[in-house]
Amino acid sequence: MPEQPEATWFRDTFDRVRTEVQKVIVGQHDIVESVLVGMAANGHILLEGMPGLGKTLLVRSLAKSLSLDFSRIQFTPDMMPADVTGTNVLGEGRMFEFRKGPVFANIVLADEINRATPKTQSAMLEAMQERSVTVGGKRHDLHEPFLVMATQNPVEQEGTYPLPEAQLDRFFFKLLVPYPTKDELREVVLRTTGSAEQEPRPVASREDVLQMRAIVREVPIAEAVLEYGLSMIVATHPDGSGASPAATRYCRFGSSPRGAQSLVTAGKVHALLAGRFNVSKDDLRKVLKPVLRHRILLNFEAEADGMTPDKVLDQVISFVDERDRDPIKI
Amino acid sequence: MGACFGTAVSAVWAVLDWRSVLYTEWTWMGACVICIALVGMVTGFAVPVRRKDLAASVDRRGDLQDRLTTAIERDSSQDTFDAALQEDAARSLDRLVPREVFPIRFGRWHLATLILALMAASVFLLGNSPVVLSEENRRLREELKKQGQAVERVTKQQFETPDAKREMSAEEKRLADEMRKYYRDLEKAHLSQEEAMQRSNELGEKADQLAKQAAQAVQQSLQQAQSARASMEKATLDANGLGNVSPQMAGMPESEREEKMAQAKAEARSIQKQLGELKRRLDEINKKLANPNLSGSERKKLEDERRDVEKQIADLKERAKANLDEQKALELSKAAQEVFRKMMEDPLYKKLLEIEKKLAQDAKSAAKSGQPKMTDEERKRLKEELEQLAQQLKDPKAMKEYLEALLKAAEEAKRMGRGVGIGLTLNHLGFMQAPPGPGGPGGGNWVGNVGQVYKLDKPTESKGKTSTSVVSGEVRQGSGPQAFVEIKAPSFVGSRSGIPYQNVLPSYERKAESALERQQIPKEHQKRVKEYFDSLTGVKKE
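The structure contained in this document is the topic of the report that follows. (Residues numbered from 1 in each chain as written. Chains lettered and ligands numbered in written order. Predicted model: local features only at pLDDT ≥ 70, side-chain atom pairs only at ≥ 80, totals over all residues. Heavy atoms only, no water.)

**Considering the overall build of chain B**
Part 1: Helices and strands together make up the secondary structure of chain B, namely 19 helices and five strands.
Part 2: By residue count, 36% of the 542 residues in chain B fall in the buried class.
Part 3: Look at the contacts in chain B between residues 6 or more apart in sequence, and 73% of them connect residues 24 or more apart.
Part 4: Summed over all atoms, the accessible surface of chain B reaches about 33,300 Å², with 54% contributed by carbon and sulfur. (Helix = DSSP H or I, 4+ residues; strand = E, 2+ residues; numbered from the N terminus. Buried < 20%, exposed > 50% of the residue type's maximum accessible area, 1.4 Å probe, protein only. Contact = heavy atoms within 4.5 Å. Areas by Shrake-Rupley, 256 points an atom, 1.4 Å probe, with all protein chains shown as cover.)

Structure representation (structure tokens):
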């Protein structure tokens, strides 16, 4: 493999951060890698999993290893938007001054985001999209890099407000955090109940993150690969001409254009991690589920048939692969 | 793909062969597959493969993760990763083994080719293999094949030579096509024997018809040639100042001319003698009339007698003049004969006369008996000779016309020869060489002049309106097999006469009796002819 300084630096930095995070997080390699991919791709992450699976620890460890500001917002139904964004308070000089909310950090953990009211959710989601907040008619830019990691509980509970589709679309990835295996659980128990606790060291800086994001954008993608990716996006549109049978049958809504952007960007990060200088179809296939699983809305029939977004996306991949044939028939 | 299309075409061809629509052979089918496969191969090499497609294919087959596709698209870009991308793609490509990337594998096209080839072979074998036939049918099939080969041979001889292809008329071409179809039907044994024989009869009739038409054309051309020759001879006489001499007189033998001259001279003497006597008598009458004592009635009688003598004298003078002319003509004919003798000494003219004679005999014989005297080879030589003579010819217009008419006659004669050749071959095919079967009712129609007779068990129904009649006869003498089939129909379906035979019988009977009288029929057969006509009229004649 030829050496390319930027790519090599990217991989090294990525590996260093991953190693540091994995010192604290036992197992969950795919989740850790996906979170780092989202970070490198300048995207926000929605983590879905049962409580106690290390989501907060993951985000905290990430912030430490990147030497970034970290804040955690525990969403509750009585939380107001100002509790997220901050508010103007009367200062000592009898002047209103803006007191920044927890959203003013590089990495924000929005814990149990679906417990907040839609009003508060939308304040958070506005910050995610605009990377700024407006309080009292004044706009306040957030610090770059700005990365939101939201968690939500998959179990339907009282007092929850599911995120609307438009807001879900703003998340780059939706990651499903699995239960640890028995071996991983043993390791967790041993680490957390012993005398010595591992703490991640800072191995990258804020500038490194910004540099990584810039490098990712440089990775080229061939027309045919882009066409392939777009075919997958279009295949999720139930009423489109390129819809897959699964989408036609089980989807109410397909992916938005943001899905296509996220797919390609995530593919670029994967290409760099694989030591390549181009995006491949495999890269797109790998990131399709975390990119699209929260962007497609299934219908009642899907629920009745026990279909999940991941199953539908598997069928979408098969559908597009069938049509992506070798142009030379020998 | 080419091979697949080739085998598909072969399979269709095999089906057409089986259905007797378009015949084929193993070699043709094989050649078809090879040719179309070659066309496919050439097309494959000729059609350019787009770099992009090739790169995509290599990426896919070599698991290069779209490196080549991207590198080719960005070969002129100079962004951050482009140089590394090009190098990475080149290295990845170097690691590939072309044979592994594009292996020769058994794919869908190969499978389709194999299946179609098996189909083609099966269908072809179904229609052509004797394996599935019984022993008897196999033998019959072999016989049909032999007949087919014979027809093919004569068809090729008659219709597929360069000369024949150039000279054939539209009717001949149609006949040639039908002959080809017929011999292929025979060779493939896709006809029953009855069908084969009926087709043979039909084609034979057409060939005979063509030959007869050609024979008529030969005779017409010969008449034109004779007319042209007469003009030419007249022109020759004119050129020598002998325009008054008829060509017939010029061709008179010497002895005949001398004899005629002697007769003319004798006649002249006789006329002179008669004239003298008549003049003397006229003088006597004039003297008597000079007598004044004659009565009125005597004078009138003498005057009538004088008029009569004068008329006789005038007639004799006319005869004398004619006699003199004849003598002169005979004298001139001698000169004309000399001119003709010189003309006859010209080898070119001599040769043309000889050719005319041969053609006339040939056409006469063909028109009369359907069998010309000359062989095809002889006709061909004759035509070549005429063409050579035409090149030598620098004579007057009449000579040229004569030669052209002869050439035309020679061409028609060749056409006639082709028709006769086909007709003879078809009539000599000798169908039904199967072992004698139990047979149906006795009797039947002859087909061919063969010497050993087999009769088919199954009579052939035809469309004739008459009932089956029994015709008695004897097997013709001679070697070789003979065959016949009983056809429940008039002998010549489609061309039979509408005149009741009772109406024509007396005429034919008279002709037969006349022939008997002229002893044209050998004695040993005369009795048989009489018995035949007696059986028809029901009257015993002595």
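Right, picking up where we left off after that structure.
**Considering the packing of aromatic side chains**
All names here are of chain A.
Part 1: Per the counting criterion, the structure on display carries seven aromatic pairs over all chains.
Part 2: Relative to Phe173, the ring of Phe172 lies with its centre 4.7 Å away and its plane at 40 degrees, an arrangement referred to as tilted. Across this residue pair, the class does not change: Phe172 and Phe173 are buried. (Phe/Tyr/Trp six-rings, centres within 6.5 Å; stacked < 30°, edge-to-face > 60°.)

**Quick look at the pairing of strand β4 (residues 96–100) of chain A**
Part 1: In this sheet, β4 of chain A lies alongside strand β3 (residues 86–90) of chain A in antiparallel orientation, the contact comprising five bridges. What sits directly across from Asn88 of chain A, in β4 of chain A, is Phe98 of chain A. (Pairing = 2+ DSSP bridges.)

**A short note on the sheet that holds strand β2 (residues 70–74) of chain A**
Residue and element names in this part refer to chain A.
Part 1: Here we have five strands laid out as an open sheet, ordered β2-β5-β8-β1-β9, and parallel in their pairing. The two strands at the open ends of the sheet, each matched to only one other strand, are β2 and β9 (171–176). Sheet twist, expressed as the average angle between the axes of neighbouring strands with direction ignored, equals 20 degrees.
Part 2: With four bridges connecting them, strand β5 (residues 107–111) and strand β8 (residues 147–152) associate as parallel partners. Paired with Ile107 across the strands is Leu147, a residue of β8.
Part 3: In the packing of helix α3 (residues 55–65) onto the sheet, the strands contacted are β1 (44–48), β2, β5 and β8, and the crossing angle to β5 comes to about 170 degrees. (Axes fitted to C-alpha atoms, helices over the stretch in contact; angles between N-to-C directions.)

**Looking at the interface of chain A and chain B**
Part 1: Contact residues are listed per partner, giving 28 residues for chain A and 26 residues for chain B.
Part 2: Taken over both partners, the interface formed by chain A and chain B buries close to 2,300 Å², and the fraction arising from carbon and sulfur atoms is 58%.
Part 3: When the buried surface of chain A facing chain B is broken down by residue, Pro2, Ile328 and Ile330 of chain A rank first, second and third, together holding 23% of it.
Part 4: Our enumeration of links across chain A and chain B arrives at two salt bridges.
Part 5: The shortest N-O distance in the salt bridge between Arg60 of chain B and Asp324 of chain A comes to 3.0 Å.
Part 6: Here chain A and chain B share 12 residue pairs in polar contact (both at pLDDT 80 or more) between them.
Part 7: Mapped by element, the contributors of at least two residues to the side of chain A that touches chain B are α1 (5–24), α8 (206–218), α9 (223–234) and α12 (281–292) of chain A. (Buried area = accessible area lost by both parts, 1.4 Å probe. Salt bridge = Lys/Arg side-chain N within 4 Å of Asp/Glu carboxyl O. Polar contact = N/O pair within 3.5 Å; in protein donor to acceptor, adjacent residues only side chain to side chain.)

**What about the nonpolar core?**
Part 1: The biggest cluster of nonpolar side chains holds 82 residues, and the ones touching the most others in it are Phe10, Val35, Leu62, Leu66, Phe173 and Val312 of chain A.
Part 2: If sequence neighbours within four positions are ignored, Phe10 of chain A has contacts with Ala40, Met212, Ile215, Val216, Val269, Leu272 and Leu273 of chain A.
Part 3: In this structure, Val218, Ala228, Ala336 and Leu348 of chain B belong to the second largest nonpolar core, which totals 28 residues. (Core = buried A, V, L, I, M, F, W, Y, C linked by side-chain atoms within 4.5 Å.)

**Here we look at the pattern of salt bridges**
Residues and elements named next belong to chain B.
Part 1: Following the criterion strictly, the structure yields 40 salt bridges over all chains and no others.
Part 2: Here Asp88 and Arg67 are joined by a salt bridge, their closest N and O atoms 2.7 Å apart. Separated by 21 residues along the polypeptide, Asp88 in helix α5 (residues 82–95) and Arg67 in helix α4 (residues 67–73) bring together distant segments of the chain. Arg67 matches Asp88 in its accessibility class, with the two residues each being buried.
Part 3: Glu305 serves as the salt-bridge partner of Arg281, at 2.5 Å between the closest nitrogen and oxygen. Remark: Glu305 occurs in helix α14 (residues 296–345) and Arg281 occurs in helix α13 (residues 254–289); sequence separation between them is 24 residues.
Part 4: According to the relative accessible area criterion, Glu305 is partly exposed, its value standing at 26%.

**Some points on the state of the cysteines**
Residue and element names in this part refer to chain B.
Part 1: Within the structure shown, the criterion is met by zero disulfides over all chains.
Part 2: Note on Cys32: no disulfide assigned, nearest cysteine sulfur contributed by Cys35 at a separation of 7.3 Å.
Part 3: With relative accessibility at 12%, the residue Cys32 sits in the buried group. (Disulfide = S-S within 2.5 Å.)

**Some thoughts on the environment of Arg61 of chain B**
Part 1: Among the structural elements, Arg61 of chain B can be located in helix α3 (residues 51–62).
Part 2: Once the C-alpha coordinates of Arg61 of chain B and Pro103 of chain B are considered, the two residues, 42 residues apart in sequence, prove to be 9.9 Å apart.

**Quick word on helix α1 (residues 2–18) of chain B**
Residue and element names in this part refer to chain B.
Part 1: With 17 residues, α1 extends 24 Å between its outermost C-alpha atoms, agreeing within 8% with the 24 Å of an ideal straight helix rising 1.5 Å per residue.
Part 2: Listed in full, the buried residues belonging to α1 are Gly2, Cys4, Gly6, Thr7, Ser10, Ala11, Trp13, Ala14 and Asp17.
Part 3: Taken together, the buried residues of α1 touch α2 (26–46) and α7 (108–128).
Part 4: Looking one or two residues beyond α1, the residue adopting positive phi is Ser20, at roughly 65 degrees. (Expected span 1.5 Å × (residues − 1).)

**Considering the pairing of β9 of chain A**
Residue and element names in this part refer to chain A.
Part 1: Of all the six residues making up β9, five are buried; the element is thus mostly covered by neighbouring parts of the structure.
Part 2: Judged from the five bridges that link them, β1 and β9 form a sheet pairing that is parallel. Directly across from His44, in β9, lies its bridge partner Phe171.

**Notes on the side chain of Ser262 of chain A**
Residue and element names in this part refer to chain A.
Part 1: Along the polypeptide, Ser262 turns up in helix α11 (residues 257–273).
Part 2: On the basis of relative accessibility, which here comes to 7%, the residue Ser262 falls in the buried class.
Part 3: A polar side-chain atom of Ser262 sits 2.8 Å from the main-chain carbonyl oxygen of Arg258.
Part 4: In this structure Ser262 touches Phe172, Val291 and Arg295, once residues within four positions along its chain are discounted.

**Here's the deal with a nonpolar patch on the surface**
Residues and elements named next belong to chain B.
Part 1: A cluster of nonpolar side chains, Phe106, Leu111, Leu114, Ile115, Leu118 and Met119, forms an exposed patch at the surface whose accessible area comes to about 590 Å².
Part 2: As for its placement among the helices and strands, Met119 is situated in helix α7.
Part 3: Accessibility expressed as a relative area gives 42% for Met119, which makes it partly exposed. (Patch = residues over 30% accessible without salt bridge, like charges linked within 9 Å, V, L, I, M, F, W, Y side chains within 5 Å.)

**Quick look at α7 of chain B**
Residues and elements named next belong to chain B.
Part 1: Its 21 residues give α7 an end-to-end C-alpha distance of 30 Å, which sits within 8% of 30 Å, the value for a rise of 1.5 Å per residue.
Part 2: Considered for burial, the residues of α7 that qualify are Thr113, Leu116, Ala120, Val123, Phe124, Gly127 and Asn128. One face of α7 carries all of its buried residues, which in axial projection span an arc of 115 degrees. Structural note: α7 exposes Arg108, Leu118 and Leu126 on the side pointing more than 90 degrees away from its buried face.
Part 3: Those residues of α7 that are buried lie in contact with α1, α2 and α8 (135–159). (Arc of directions from axis to C-beta.)

Such coordinate-based values are descriptive only and should not be taken to indicate function.
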